[in-house]
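Summary of the model geometry
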Amino acid sequence: MEVDQLQRSFLEYTNSLFREGFLDGQFGQLQLLQDESNPEFVFEVVSLFFEDSERILNDLTLALDQQNVDFKKIDAHVHQFKGSSSSIGAQRVRNACIAFRNFCEGQNVEACRRCLQQVKQEYLLVKTKLEALLRLEQQILAAGGVIPMLDS
């Protein structure tokens, strides 16, 4: 595939992620920090988000499986996940975390378990979408192109 076609695909796909509410303006801010001196910035930040997310989701699962659920600990994990998802612009994950925190305050174990499933689902969706976007980025760079900027 030619560079200009890859770049068009990248822009169309990125715009669809914004339209569908997977990403918000914070992701655009990350993209602005990427330049020729650091062409893999977004890839690196998103990869760290994936690593952190897997750990946090595992910690949440373990915490909710305890006999005596520590809601303060769960809330701290959810707060951390909300922050990391916000920092990369993963809007739907962040919104699911907000709902999750409300159930932590109410100390409702079953509702928290349902919320955890919702958060995991939203995370897996955005992860799949971001992985596809990052593959497009890598193809553009490998073809000698530059990552196109979204129109503000």
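An unreviewed UniProt entry lists the protein chain under the name Histidine-containing phosphotransfer protein, with Rehmannia glutinosa as the source organism. The protein chain has a UniProt comment under Function (unreviewed entry) that states "Functions as a two-component phosphorelay mediators between cytokinin sensor histidine kinases and response regulators (B-type ARRs). Plays an important role in propagating cytokinin signal transduction."

So, the confidence of the model for the protein chain
Per-residue confidence for the protein chain gives a mean pLDDT of 93; residues scoring 70 or more make up 99%. The weakest mean pLDDT in the protein chain belongs to helix α2 (residues 25-32) at 92; the strongest belongs to helix α4 (residues 71-88) at 96.

Some thoughts on the side chain of S85
Looking at where S85 falls in the secondary structure, it is placed in helix α4. A distance of 3.0 Å separates the side chain of S85 from the backbone oxygen of K82, its partner in a polar contact. Those residues in contact with S85, other than ones at most four positions away along the chain, are F49, A90, V93 and R94.

What about the UniProt feature "modified residue: Phosphohistidine" (unreviewed entry) in the protein chain?
Using the residue numbers shown here, the UniProt feature "modified residue: Phosphohistidine" (unreviewed entry) corresponds to H79. When you line up the elements, H79 lands in helix α4. Looking at H79, the relative accessible area reads 42%, which means it is partly exposed.

Rules and cut-offs
Residues numbered from 1 in each chain as written. Predicted model: local features only at pLDDT ≥ 70, side-chain atom pairs only at ≥ 80, totals over all residues. Heavy atoms only, no water. UniProt positions renumbered as here; feature names shortened; annotations may be inferred. pLDDT = per-residue confidence, 0-100. Helix = DSSP H or I, 4+ residues; strand = E, 2+ residues; numbered from the N terminus. Polar contact = N/O pair within 3.5 Å; in protein donor to acceptor, adjacent residues only side chain to side chain. Contact = heavy atoms within 4.5 Å. Buried < 20%, exposed > 50% of the residue type's maximum accessible area, 1.4 Å probe, protein only.

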